[in-house]
Amino acid sequence: MISIRVLPICVVLLTSPLAAEKAEDYGLDEAQVKRFAEARVPVIDFHVHLRGGMTVEKAVARQAVTGIKIGVLRNLGKGWPIETDGQLREFLDSVAGRPVFVGLQVNDRDWMDKHASDLLARLDFVLADTMIMPMPRDDSEPVKLWLAEGYTIDDAEAWMERYVRHNLRVLSEPIDILANPTYLPPALEDRYDDLWTDTRMRRVIAAAVAGGVALEINVRSGLPHDRFIRLAKRMGAKFTFGSNNFDDRPINMARCAEAIDRYRLGKDDMYSPGAPPGE
Ligand SMILES: [Zn+2]
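Quick caveat, the model's predicted, so the values are computed rather than measured. The numbering scheme is per chain: residues are counted from 1 as the chain's sequence reads. Two thresholds apply to this predicted model, a pLDDT of at least 70 for residue-level local features and 80 or more for giving and counting side-chain atom pairs, whereas whole-chain, interface and lining totals are computed over all residues. Calculation of side-chain values draws on the structure's entire complement of heavy atoms; hydrogens and water are dropped beforehand.

Undergrad: Quick one: what's the story with empty space enclosed by the protein, residue by residue and with numbers?
TA: As defined here, a cavity is a set of points on a 1 Å grid over the protein atoms alone where a 1.4 Å probe fits but cannot get out. A pocket is an open set with protein on both sides within 12 Å along at least five of seven lines, and residues line them when an atom is within 4 Å of a point. Grid points are joined across faces, edges and corners, and a volume is the space filled by probe spheres set on the points. Within this structure, the stated rule accounts for one cavity of 30 Å³ or more. Size it by volume and the largest cavity reaches roughly 40 Å³. Lining the largest cavity are Arg 35, Phe 36, Arg 40, Val 41, Val 43 and Ile 260. Note that Gly is not counted as nonpolar here; it falls among the polar residues with everything else outside the nonpolar set of Ala, Val, Leu, Ile, Met, Phe, Trp, Tyr, Cys and Pro and the charged set of Asp, Glu, Lys and Arg. Classifying every residue of the lining of the largest cavity by side-chain character gives four nonpolar, no polar and two charged.

Below, the structure is given as C-alpha cells:
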C-alpha cells in the first residue's frame, strides 16, 4: 500500500515544526495528498504569506503534510513589509535555497520601475490583486477596497466600469498571477451575478490570457465564482490555487481537489513557473 514516494514525507513529518498536523486538518484525505504529491496536475498554493507566525520552514513542512507545493511571498509597496531594495534582498536571501517557490505580492502600480531588476529577476513569480484602487477617480489616491469606511460608491454600474479598467491595468503589469479575481467590495458583494456580467468577465479573462497571467482559485474567499472559472477555462486561461493566510494555522484546501474534478483541470490548465525547486 505504501509507495516509495510516501516514505520521505513521513521522515519530514517526524522532524517538522508541524509534526502534529495531519492532512485532515487541511480538509484533505490521504488519497488526495498522495494524488497531489504525484503531481499529475501541479497543485501549488502560490499565496502563502510569511506573516502571523508563518515561516518558510513551516511552509516546507506543510508541503509534506498536504502534498500541495507552496509559493511563499511577502507584500511589496508603500506601507507594506517590503518597501526598499535592501528589504527585498533580505527577504530573497532568507528564503534562498529552500524547496519552495518565492514570490512577491505587489500592491503599488509602479513596482516594476522602483526595484532593481537583478533582485526582481530572482523571483519565481509575482502576484497582484485588484483590491487597492484609486477612489473616487482614476487620479485619486488608492484605497484598500476591503476597508469600507474609507470610501463610498454612489453608482455601482459606473464604478464597475472603472473597476474593470483597473483590473486591465493590473493585468497589463509583468505579473504572473491575479489573486482573488472578481473581488467585489463589501458594499457590492451581494450583487456579484448582476455586476459581473459575462461581458465584463470576458474583458478581464481576455486580458489575463493575452498577458500570460494566471487566475487564482482562492481556497478561502470562494473567489472567483463558478461561472468565471468555466468561462476562463473555455477562453484558455491558466489557473493557480491560493490560500492567502494571515497566520500559520491550517487552512481548508478542499477547494483544490474540488476544482480539479469539477472543472476537469489538467496539467495544461495550471500555471507553473517550471520544475519545483529542490527537485
Ligand atoms: Zn495576499
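Undergrad: Explain the environment of Lys 144 residue by residue, including any values.
TA: Where helices and strands are cited, they refer to DSSP runs of H or I of at least four residues and of E of at least two residues respectively, numbered from the N terminus. Secondary-structure assignment places Lys 144 in strand 6 (residues 142–144). Here the alpha-carbon distance between Lys 144 and Met 133, two residues 11 residues apart in the chain, equals 6.8 Å. By definition, residues are in contact when any of their heavy atoms lie within 4.5 Å. Once residues within four sequence positions are removed from consideration, Lys 144 is found in contact with Trp 80, Met 131, Ile 132 and Tyr 151.

Undergrad: Describe the side chain of Arg 162, naming the residues involved and giving the relevant values.
TA: On the secondary structure map, Arg 162 appears in helix 7 (residues 156–171). Under the scheme applied here, a residue whose accessible area is under 20% of the maximum for its type counts as buried, over 50% as exposed, and between as partly exposed, the area being computed with a 1.4 Å probe on protein chains only. Using a relative accessible area of 13% as the deciding quantity, one classes Arg 162 as buried. If sequence neighbours within four positions are ignored, Arg 162 has contacts with Met 133, Pro 134, Met 135, Pro 136, Arg 137 and Asp 138.

Undergrad: Break down the confidence of the model for the chain for me, with residues and values.
TA: Residue-level confidence of the predictor is what pLDDT reports, using numbers from 0 through 100. With 91% of its residues at a pLDDT of 70 or more, the chain has an overall mean of 92. For the stretch residues 1–14, pLDDT sits under 50, and the model shows 11 contacts to residues farther than four places along the chain or on other chains.

Undergrad: Report on the coordination of the zinc ion, specifying residues and quantitative values.
TA: Each metal's donors are the N, O and S atoms within 2.8 Å of it, or within 3.2 Å when it is Na, K or Ca, and because water is not part of the set, sites may look incomplete. Note on the zinc ion: its protein donors are His 47 (NE2), His 49 (NE2), Gln 105 (OE1) and Asn 244 (OD1). The metal-donor distances range over 2.0 to 2.7 Å. Around the zinc ion sit four donor atoms; with metal-centred angles ranging over 82 to 175°, the donor geometry is irregular. Each donor residue of the zinc ion belongs to the same chain, and together they define the spacing H-x1-H-x55-Q-x138-N. One end of the pair, His 49, is in strand 1 (residues 44–49); the other, Asn 244, is in the loop between strand 9 (239–242) and helix 11 (254–262), with 195 residues separating them in the sequence. Its relative accessible area of 2% is what places His 49 among the buried residues. Labels for metal geometry use angle windows, namely 85 to 135 degrees for all angles of a four-donor tetrahedral site, and for square planar (four donors) or octahedral (six donors) sites opposite donors over 155 degrees apart plus all others within 65 to 115; sites meeting none of these are irregular.

Undergrad: An account of the layout of surface pockets is requested, with residue identities and associated values reported.
TA: Empty space among the atoms can be located by rolling a probe the size of a water molecule over them. In this structure, the second largest pocket occupies an estimated 370 Å³ of space. Along the wall of the second largest pocket there are 17 residues; nearest its centre are Asn 107, Asp 108, Arg 109, Ile 132 and Pro 142. When contributions to the lining of the second largest pocket are tallied by element, the ones reaching two or more residues are strand 5 (132–134), strand 6 and helix 7. The element best represented in the lining of the second largest pocket is strand 5, accounting for three residues.

Undergrad: Which residues make up the packing of helix 7 against helix 9 (residues 198–211), and what are the values?
TA: Where helix 7 meets helix 9, the axes come as close as 9 Å, and the angle between the chain directions of the two elements is 10°. Relative to helix 9, helix 7 is oriented roughly parallel. Contacts between helix 7 and helix 9 pair Glu 157, Met 160, Glu 161, Val 164, Arg 165, Asn 167, Leu 168 and Leu 171 from the former with Arg 200, Arg 203, Val 204, Ala 207 and Ala 208 from the latter. Along the lines of polarity and charge, the residues of the contact of helix 7 with helix 9 split into seven nonpolar, one polar and five charged. Axis definition: a line fitted to C-alpha atoms, over the contacting stretch in the case of helices. Angles run 0 to 180 degrees between N-to-C directions. Roughly parallel means an angle under 35 degrees; roughly antiparallel means over 145; roughly perpendicular covers 65 to 115; every other angle is labelled oblique.

Undergrad: I'd like to hear about unusual backbone geometry, residue by residue, with values.
TA: Pro 136 follows Met 135 through a cis peptide bond whose omega is 5°. For the peptide bond that leads from Leu 223 to Pro 224, omega is -15°, which places it in the cis range. By the element assignment, Pro 224 lies in the loop between strand 8 (214–218) and helix 10 (226–234). Unusually for a residue other than glycine, Thr 182 sits at a positive phi of about 65°. Mapped onto the elements of the fold, Thr 182 is located in the loop between strand 7 (177–178) and helix 8 (192–195). Backbone geometry places Asn 244, a non-glycine residue, at a positive phi of 50°.

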